[in-house]
Amino acid sequence: MNYFALPKDQSEAILNSGTLADNLLSVLKETDVVQPLDVDRLIEAISDLNISSSCYHLVDFYKRTSMQATLYDKFLATLSTHLVASLPSNLCDYFDITDENKTSIISSQNPGLSLLLSLDEMGIIKQSQVAALEPPFTEMKLVQAVAMIHEYKSIVEEERIPILGGIEITDKRKREFFVQCLQRKIKSWYETMTPVPWRKSCKWSVSDLFVGSGLILTESKSKRSRLDVDEKCKVETKQIISYERLKSETRIILEGDPGCGKTMLMSQLAYDWSQGKLSDIKLLILLPLKFVQQRTLVEAIKEFYVPEDKRLSISDIEKFLDDKEYPAHLLLDGLEEYSDKQKQGKSEV
C-alpha cells in the first residue's frame, strides 16, 4: 500500500478488513493502477518489493494469457469481479443450477467466474447473447455489472454490421461509429462511479458528485491575483468549452490545487457530451495522460476506447482529429502523471 501511495485512512480500512488482499486489489482496480487487461504496474511492484517469485510468475502468466483472450472471455472475467460474497450462490438458485454443480461452483477459487462459465456451458448465455444475466443483476442492484452488460451487448450488435471485402466504408460512417463508441464508453464509466473504492455499494453518477464553481481566465504565464480580477475574466466551469472568448483558442490549460475538481470537471463535460447535452461539439475525447505512456496520443485513444475493433484504424482516428469540418475537443487529464514529458525533444502533449 505504501508502494502505491494509498492514503492513510484508505490503507487502514484495508488492513482492518477481513479480506485484505481482495480489498487491496479492488482499490488498485478502482484507481486504475491495475485493470483486467493491464497489470504491468502490479508486476513491477511485485518485482521491486521482492515478493515471492511464484506470485510474480502467476501475474505475468495472467497477463500473457489475457492478451490471447477473446472479447467474450474478457467480458466474463471482468464481470466475475462483481460477483462476490453470497451473489454466486444466489445466482445459482436463480438459474436453477443443481446442488452438485452449485457446490462445485461455490467451492472453486473464483465462484463468480465458475458460475458464468457454467451458465455458458448450459447455453443460458453465449458469446452473442448475454441478456439472461440482466434481470437477476438488476434485481440484485449490481449497477456497474448491468452497465457492463449493456456495453457488451452494444459491441456485439455493432459487430453484426458486416464490413464486406471490396466494399469501402465512408469516412462519415466510420466517424459516426467512432462517436458512438466514445459516447457509449464514457456514459458507462460515469453513470456509475464508485468514489470510495472499498465501498462498492456506494455508487453515483458524475453529475451527483460534480460541484460547479468558477474559473478565472488569464493569459499564458500570467500571475494575476485572485483578489484583483476583472468580472469579465470570470466564467462558470461548465462554460469552459462554450464561452465565447475561449472559442478561438486552440489550447486551454486548466490549473488548480490538487483536489479542486479539475478531473471531475472534465469527467462531467465528457458525460454531458455523451448524453447529447453539448450539441455544438461533434467530437470530444477524454484521455487520462497516464495511459499515454510509451504511446502516441492517437495510439492511446485507439487502445483506450476501441482496442478490439478492427474497423477503426489509427489512421482513421488521425483523420477524425485533423478534420477541420468536425473539430475535435481533446481533454487530457493528469499532466503530473505523464512521464513522457521528461523525454528529450518536443512532446505531443
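What you are looking at is a predicted structure, and each value in this text was computed from that prediction instead of being measured.

Student: So what exactly am I meant to see when it comes to the overall build of the protein chain here?
Tutor: Across its full length, the protein chain carries 15 helices and 4 strands. For the protein chain, the residues scored as buried account for 36% of the 349 residues in total. Counted over contacts in the protein chain with a minimum sequence separation of 6, partners at least 24 positions apart contribute 57%. Entry remark: accessible area of the protein chain is about 21,400 Å², with carbon and sulfur atoms responsible for 51%.

Student: Sorry if this is basic, but what is going on with the packing of helix H11 (residues 171-191) against helix H15 (residues 314-322) here?
Tutor: A pair of packed helices is captured by two measures, namely the crossing angle of their axes and the spacing between those axes. Running from N to C, H11 and H15 cross one another at 90°; their axes reach a closest spacing of 11 Å. Put simply, H11 runs roughly perpendicular to H15. Where H11 abuts H15, its residues Asp-171, Lys-174, Arg-175 and Phe-178 lie against Asp-316, Ile-317, Lys-319 and Phe-320. Residue composition of the contact of H11 with H15, by class: 3 nonpolar, no polar and 5 charged.

Student: Explain the environment of Pro-288 here, please?
Tutor: Note on placement: Pro-288 falls in strand E3 (residues 283-288). When its relative accessible area of 21% is taken as the criterion, Pro-288 is described as partly exposed. Residues Pro-288 and Leu-332, spaced 44 residues apart in sequence, show a C-alpha to C-alpha distance of 5.8 Å. When near neighbours in sequence (up to four residues on either side) are disregarded, Pro-288 contacts Phe-304 and Asp-333.

Student: For this particular structure, what's the right way to read unusual backbone geometry?
Tutor: The general pattern is negative phi for most residues beyond glycine and trans for most peptide bonds. Of note in the backbone geometry, Ala-85 takes a positive phi value of approximately 55° without being a glycine. On the secondary structure map, Ala-85 appears in the loop between helix H5 (71-80) and helix H6 (87-94). Among the residues examined, Ala-85 registers a relative accessible area of 79% and is labelled exposed. With a phi angle near 60°, Lys-141 is a residue other than glycine that sits in the positive phi range. Tracing the backbone through its elements, the reader meets Lys-141 in the loop between helix H9 (134-139) and helix H10 (143-159). With a relative accessible area of 68%, Lys-141 lands in the exposed category.

Student: Is there a simple way to explain the confidence of the model for the protein chain in this structure?
Tutor: Fine structural detail should not be taken from predicted coordinates in areas where pLDDT scores are low. When pLDDT is averaged along the protein chain, the result is 77; 72% of the residues meet or exceed 70. Contacts of residues 163-167 to residues separated by more than four positions or lying in other chains number 2 contacts, the stretch itself having pLDDT below 50.

Student: Just to check I follow, could you spell out helix H14 (residues 297-305) for this structure?
Tutor: An α-helix turns once every 3.6 residues. As a result, residues three or four positions apart point the same way. Of all 9 residues in H14, 7 are buried; the element is thus mostly enclosed. Summarising the contacts, the buried residues of H14 are in contact with H11, E3, H15 and strand E4 (328-333).

Student: For this particular structure, what's the right way to read the packing of aromatic side chains?
Tutor: To describe a pair of aromatic rings, you give the distance between the ring centres and the angle between the ring planes. Within the structure shown, the criterion is met by 8 aromatic pairs. With centroids separated by 5.1 Å and ring planes inclined at 50°, the aromatic side chains of Trp-189 and Phe-304 adopt a geometry described as tilted. With Trp-189 in helix H11 and Phe-304 in helix H14, the pair connects residues that are 115 residues apart, well separated along the chain. The interplanar angle of 85° and the centroid separation of 5.1 Å between the aromatic rings of Phe-304 and Tyr-305 together place this pair among those described as edge-to-face. The exposure classification of Phe-304 matches that of Tyr-305, with both residues buried. Linked through ring pairs, Trp-189, Phe-291, Phe-304 and Tyr-305 together constitute an aromatic cluster.

Student: Got a minute to help me understand the side chain of Asp-323 in this structure?
Tutor: Inspection of the secondary structure puts Asp-323 in the loop between H15 and E4. Here the side chain of Asp-323 touches Arg-175 through a polar contact of 2.7 Å, side chain to side chain.

Student: I would appreciate a short explanation of the nonpolar core in the present structure.
Tutor: Considering soluble globular proteins, one finds that nonpolar side chains tend to be buried as a cluster. Ranked by internal contacts, the top residues of the largest apolar core, which has 43 residues, are Phe-178 and Tyr-305. For this core, the elements supplying multiple residues, two or more each, are H11, helix H13 (262-274), E3, H14 and H15. A per-element tally of this core places H11 first, with 7 residues. If near-sequence neighbours (up to four positions away) are discounted, Tyr-305 is found in contact with Leu-182, Lys-185, Ile-186, Trp-189, Ile-285 and Leu-286. Counting 25 residues, the second-largest nonpolar core is a separate cluster that includes Tyr-72, Leu-79, Leu-91 and Phe-137.

Student: Hey, could you run me through the pairing of E3 in this one?
Tutor: Regular strands place side chains that alternate from one sheet face to the opposite one. Of all 6 residues in E3, 5 are buried; the element is thus mostly enclosed. Summarising the sheet, E3 and E4 pair through 6 bridges and their orientation is parallel. Bridging from a neighbouring strand, Leu-283 pairs with Ala-328 of E4.

Student: It is not clear to me how the packing of H11 against H14 should be interpreted in this structure. Could you clarify?
Tutor: In contact at an axis separation of 10 Å, H11 and H14 are set at 65° when each is read in the N-to-C sense. Once H11 is placed against H14, the crossing between them reads as left-handed. Contacts between H11 and H14 involve Phe-178, Leu-182, Lys-185, Ile-186 and Trp-189 on the former and, on the latter, Ile-301, Phe-304 and Tyr-305. The residue makeup of the contact of H11 with H14, split by class, is 7 nonpolar, no polar and 1 charged.

Thresholds, definitions, all that
- Residues numbered from 1 in each chain as written.
- Predicted model: local features only at pLDDT ≥ 70, side-chain atom pairs only at ≥ 80, totals over all residues.
- Heavy atoms only, no water.
- Helix = DSSP H or I, 4+ residues; strand = E, 2+ residues; numbered from the N terminus.
- Buried < 20%, exposed > 50% of the residue type's maximum accessible area, 1.4 Å probe, protein only.
- Contact = heavy atoms within 4.5 Å.
- Areas by Shrake-Rupley, 256 points an atom, 1.4 Å probe, with all protein chains shown as cover.
- Axes fitted to C-alpha atoms, helices over the stretch in contact; angles between N-to-C directions.
- Parallel < 35°, antiparallel > 145°, perpendicular 65-115°, else oblique.
- Nonpolar A, V, L, I, M, F, W, Y, C, P; charged D, E, K, R; others polar.
- pLDDT = per-residue confidence, 0-100.
- Phe/Tyr/Trp six-rings, centres within 6.5 Å; stacked < 30°, edge-to-face > 60°.
- Polar contact = N/O pair within 3.5 Å; in protein donor to acceptor, adjacent residues only side chain to side chain.
- Core = buried A, V, L, I, M, F, W, Y, C linked by side-chain atoms within 4.5 Å.
- Pairing = 2+ DSSP bridges.
- Left-handed = near helix turned anticlockwise from the far one by under 90°.

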